[in-house]
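# Remarks on the overall topology
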Amino acid sequence: MEQFRAALALLDEVHADEPWNPWVTEERADEYAAALIVHEQWARAEPDFQPMTTEDVELRMAEIAADVASKVAAVKAEQSARLPSHDPELVKARLALLEDTSYLEHCIRQRDELLAAGRGAPSQIEELEQKIAVLTRRVSELQNRVPDPEAVVDAAGRLPRDRRAIMLDLFRTDRIAQVRRLRDSLAHERKEMAEPTDQQDRASLRSRRHLDELTLNALLAVKPIAAAEMCADCPRPMAWHLWQVSGSLMLLGAWPCPAGPRMAAQRARVMKMLEASQIATATPKAAKEQPLAIVRSGLSIGDVIEQLTKIRADHPDAIVRRGNRNRWEIWPARAFADPTPQPR
């Protein structure tokens, strides 16, 4: 019986973890298979127990589908009924209220920490006090316009609580995709590290691998969260909306909500600068001539001779020049021909 209970507990644990960490079915495949064998050795012993027939299962599935459809229809009806109360200006005011409240809390916390530690120049404390005063007045004004931020209806008739479930699903999907991508990248980087490369390439690869490992570990450490913990306006947990970020949260992309007016304006400025930069560099440039071949450093004499022999067979008139990172670059002779006209 204890063996059966342990097997049942493991099966339940894997099923519960799978929506958040779908790779658990791969990582614990052997344990799961062994637990399944134990589970199948037991049968229910109630005298009046009757297993469900195929028809029973189909009927139950149809009932579940009908229940889901009914709930979806009810939600859509509620959202349609709310549409007349949608006010775009109220939506903007709500976002401004949330952003200013968050920034006000940050400034107060920053001031209190400086005062408690006896740090910070008087001018720095005074600047924070001024920000706090301005933000306090602004928050008070916005609260008069938006008494209940949770009751503000968006353009689709949804309340913030409705959008949090959507944002949670987007966050979960994005986290899973990032974990899979980083695991693939690390596998590729480990393979590259095993191959002979020059010292500078190896250092760059090692640095990239270290950053990927830190980011992957930070993502794996994120525990399942409830929809109520999500931001209603972007696919990030509310706890990640910080104005000062460090450590693993920086790797995870924690920042103030991009839907807030201050952050949205900043994003618009950055996008405008990028567009201007792209326009400035849109004029096509002549392609820079590349060497015919490169012989990297760190090879044995035999490997170098073998490569040069093959290159000479295809390019007998090519010349060798020293390139970046102690490499040999093989160039066509014309690339370095003297452009000065020769006297006849």
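For the structure, see preceding data.
Here goes a summary of the coordinates provided. Because the structure is predicted, anything quoted here is derived from the model rather than measured. (Residues numbered from 1 in each chain as written. Predicted model: local features only at pLDDT ≥ 70, side-chain atom pairs only at ≥ 80, totals over all residues. Heavy atoms only, no water.)

## Thoughts on the pairing of strand E2 (residues 319–322)
Note the following rule: Two strands qualify as a pair provided DSSP detects at least 2 bridges between them. Starting at the N terminus, helices and strands are each numbered in turn, a helix being any DSSP run of H or I of at least four residues and a strand any DSSP run of E of at least two.
Here four bridges tie E2 to strand E3 (residues 328–331), and the two strands are oriented antiparallel to one another. Its bridge partner being in E3, arginine 321 is matched across the sheet by glutamate 329. With antiparallel pairing between neighbouring strands as the criterion, E2 and E3 make up a hairpin whose turn holds five residues, including arginine 325 at a positive phi of roughly 55°.

## Observations concerning the pairing of E3
Across three bridges, the pairing between strand E1 (residues 293–295) and E3 is antiparallel. Along E3, the bridge assignment pairs alanine 293 with isoleucine 330.

## Structural notes on the side chain of arginine 236
For the record, the criterion: A simple rule labels every residue: compare its accessible area, found with a 1.4 Å probe on the protein chains alone, to the largest value its type can have, and call it buried under 20%, exposed over 50%, or partly exposed in between. Charge assignment in this entry is limited to Lys and Arg as positive and Asp and Glu as negative, and neither His nor the chain termini are counted. Salt bridges are counted wherever a side-chain nitrogen of Lys or Arg sits within 4 Å of a carboxyl oxygen of Asp or Glu. Every residue pair with non-hydrogen atoms within 4.5 Å of one another is taken to be in contact.
Summarising the element assignment, arginine 236 is placed in the loop between helix H8 (199–220) and helix H9 (248–252). For the buried arginine 236, which has no salt bridge, the nearest side chain bearing the opposite charge is aspartate 174, at an N-O separation of 4.4 Å. Not counting the four nearest positions on each side in its chain, arginine 236 is found in contact with Phe171, Asp174, Met230, Cys231, His241, Leu252, Gly253 and Trp255.

## Here's the deal with the packing of aromatic side chains
Our working rule: Pairs were defined over the aromatic rings of Phe, Tyr and Trp, the Trp ring being its six-membered one, requiring ring centres within 6.5 Å. Orientation was assigned from the angle between planes: stacked under 30 degrees, edge-to-face over 60, tilted for the rest.
Evaluated as defined, the whole model comprises four aromatic pairs. With centroids separated by 6.1 Å and ring planes inclined at 50°, the aromatic side chains of tryptophan 20 and phenylalanine 171 adopt a geometry described as tilted. Highlighted residues: tryptophan 20 in the loop between helix H1 (2–17) and helix H2 (24–27) and phenylalanine 171 in helix H7 (residues 160–194), separated in sequence by 151 residues. Take tryptophan 20: its relative accessible area is 7%, and that puts it in the buried class. With a relative accessible area of 4%, phenylalanine 171 lands in the buried category.

## Quick look at the pattern of salt bridges
What the rule picks out here adds up to 24 salt bridges. A salt bridge links arginine 180 to glutamate 26, with the shortest nitrogen-to-oxygen separation between them at 3.9 Å. Here glutamate 26 lies in helix H2 and arginine 180 lies in helix H7, a separation of 154 residues in the sequence. Its relative accessible area of 35% is what places arginine 180 among the partly exposed residues. Residues arginine 183 and glutamate 27 are paired through a salt bridge, measuring 2.9 Å at the closest nitrogen-oxygen approach.

## Side note on the environment of proline 84
One can find proline 84 in the loop between helix H4 (54–82) and helix H5 (88–117). For the pair proline 84 and valine 153, spaced 69 residues apart in sequence, the C-alpha separation works out to 9.3 Å.

## Section: the packing of H1 against helix H3 (residues 29–40)
Applicable threshold: Fitting a line to C-alpha atoms yields each axis, with helices limited to the stretch in contact; the angle taken between N-to-C directions then spans 0 to 180 degrees. When describing relative orientation, an angle under 35 degrees is termed roughly parallel and one over 145 degrees roughly antiparallel, while 65 to 115 degrees is termed roughly perpendicular and anything else oblique. What makes a crossing left-handed is the near helix being turned counterclockwise from the far one by less than a right angle; a clockwise turn instead makes it right-handed. Three residue categories are used. Nonpolar comprises Ala, Val, Leu, Ile, Met, Phe, Trp, Tyr, Cys and Pro, charged comprises Asp, Glu, Lys and Arg, and polar comprises the others, including Gly.
Where H1 contacts H3, the axes come no closer than 9 Å and their chain directions differ by 130°. Comparing the axis directions of H1 and H3 gives the class oblique. Like other packed secondary-structure pairs, H1 and H3 cross with a definite hand, here left-handed. Contacts between H1 and H3 involve Gln3, Phe4, Ala7, Leu8, Leu10, Leu11, Val14 and His15 from the first element and Glu31, Tyr32, Ala35, Leu36, Val38 and His39 from the second. Here the residues of the contact of H1 with H3 sort into ten nonpolar, three polar and one charged.

## Quick word on the nonpolar core
Grouped burial of nonpolar side chains is what soluble globular proteins tend to show. The cut-off we apply is this: Residues belong to one nonpolar core when they are buried, are Ala, Val, Leu, Ile, Met, Phe, Trp, Tyr or Cys, and are joined through side-chain atoms within 4.5 Å.
Residues Phe171, Val222, Trp240 and Leu252 are the most contacted members of the largest nonpolar core, which totals 17 residues. Residue assignment for this core shows that the elements contributing at least two residues are H7 and H8. If one sorts the elements of this core by residue count, H7 sits on top with seven residues. The contact partners of leucine 252, leaving out residues within four places of it in the chain, are Ala218, Leu219, Val222, Arg236 and Trp240. Counting 15 residues, the second-largest nonpolar core is a separate cluster that includes Ala96, Tyr103, Leu114 and Ile132.

## Some thoughts on the side chain of arginine 111
Relative to the elements of secondary structure, arginine 111 occurs in helix H5. What makes arginine 111 buried here is its relative accessible area of 17%. Discounting residues that sit within four places of it in the chain, arginine 111 has contacts with Leu128, Glu129 and Ile132.

## A closer look at the packing of H7 against H8
Where H7 meets H8, the closest approach of the two axes is 9 Å, and the angle between their N-to-C directions is 150°. Compared by their axis directions, H7 and H8 come out roughly antiparallel. In terms of crossing hand, the pair formed by H7 and H8 is left-handed. The segment H7 lies against H8, with Arg175, Gln178, Val179, Leu182, Arg183, Ser185, Leu186, Glu189, Arg190, Glu192 and Met193 engaging Arg202, Leu205, Arg206, Arg208, Arg209, Asp212, Glu213, Thr215, Leu216, Leu219 and Leu220. Classifying every residue of the contact of H7 with H8 gives eight nonpolar, three polar and eleven charged.

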